[in-house]
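Listed here are the chains, written in short residue letters.
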Amino acid sequence: MQQLDVLKQFSIHSSELITGVQCPHCGKFAMRRVYGTWRCDKCHEKSKEGHTLALVDYGLLIKPCITNQQLREFLHIASPDVTKKLLTAMKLSYVGETKGRVYDLTELLCKVTGIFQK
Ligand SMILES: [Zn+2]
């Protein structure tokens, strides 16, 4: 997959990006993971798929692959078990084992951007 360097194009450094899960209802950052769902402290709405949308942003803006550690930082999740569960549930393909494992976001990006193309 060809990677467009969106950040470079707009002279944005990756440290300037707002990380975390954006609330699909009110647009505020960042939702908190509570009992298997994402909750917004601002409007109190919930979202099951918040992390999927955040991963698509990550894939489009940063790079189309991610490690558990990078996902934890991006989603503001303290527990590596939680992010591992999310990654497993999304059935992403990966290379490597344990800490060095890199998950491929290409399929997810194709699926989501395919929806946008309709
Ligand atoms: Zn909200």
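How each quantity is defined
Residues numbered from 1 in each chain as written. Predicted model: local features only at pLDDT ≥ 70, side-chain atom pairs only at ≥ 80, totals over all residues. Heavy atoms only, no water. Helix = DSSP H or I, 4+ residues; strand = E, 2+ residues; numbered from the N terminus. Rg over C-alpha atoms; globule rule 2.2 N^0.38 Å. Buried < 20%, exposed > 50% of the residue type's maximum accessible area, 1.4 Å probe, protein only. Contact = heavy atoms within 4.5 Å. Areas by Shrake-Rupley, 256 points an atom, 1.4 Å probe, with all protein chains shown as cover. Core = buried A, V, L, I, M, F, W, Y, C linked by side-chain atoms within 4.5 Å. Expected span 1.5 Å × (residues − 1). Donors = N, O, S within 2.8 Å, 3.2 Å for Na, K, Ca; no water.

K.L.:
Please clarify how the overall build of the protein should be interpreted in this entry.
P.N.:
Summing up its helical and strand segments, the protein has five helices and six strands in all. Sequence-ordered secondary structure for the protein, helices as α and strands as β, is α-β-β-β-α-β-α-α-β-β-α. Taking 118 residues into account, the globule formula puts the C-alpha radius of gyration at 13 Å, and the protein, at 14 Å, falls close to it. Oriented by its inertia axes, the alpha-carbon framework of the protein measures out at about 40 × 35 × 30 Å. Going through the 118 residues of the protein one by one, you find that 31% of them count as buried. Considering only residue pairs separated by 6 or more positions, the protein has 41% of its internal contacts joining residues 24 or more positions apart. By element, 55% of the accessible surface of the protein is carried by carbon and sulfur atoms, the whole surface being about 7,900 Å².

K.L.:
How do you make sense of the nonpolar core when you look at a structure like this?
P.N.:
Note that soluble globular proteins tend to have their nonpolar side chains buried in a common cluster. In terms of nonpolar packing, the biggest core is built from 23 residues, with Trp38, Leu55, Ile66, Leu75, Leu92, Leu105 and Leu108 touching the most fellow members. Every element with two or more residues in this core is listed here: helix 2 (50-61), helix 3 (68-75), helix 4 (80-89) and helix 5 (106-117). Ranked by the residues each element gives to this core, the list is headed by helix 2, at four residues.

K.L.:
Would you mind showing me how to read helix 2 here?
P.N.:
In an α-helix there are 3.6 residues to a turn, and that puts residues three or four apart on one side. Its 12 residues give helix 2 an end-to-end C-alpha distance of 17 Å, which sits within 8% of 16 Å, the value for a rise of 1.5 Å per residue. For helix 2, the full list of buried residues reads Gly50, His51, Thr52, Ala54, Leu55, Val56, Tyr58 and Gly59.

K.L.:
I tried to follow the coordination of the zinc ion on my own but got confused; where do I start?
P.N.:
Six octahedral donors at a metal ideally form angles of 90 or 180 degrees, and four tetrahedral donors ideally form angles of 109.5 degrees. Note on the zinc ion: its protein donors are Cys23 (SG), Cys26 (SG), Cys40 (SG) and Cys43 (SG). The metal-donor distances range over 2.3 to 2.4 Å. The sequence pattern describing where the donors of the zinc ion fall on their chain is C-x2-C-x13-C-x2-C. Of this pair, cysteine 23 sits in the loop between helix 1 (6-9) and strand 1 (32-34) while cysteine 40 sits in the loop between strand 2 (37-39) and strand 3 (46-47), and the two are 17 residues apart along the sequence. By relative accessible area, cysteine 23 is classed as buried at 2%.

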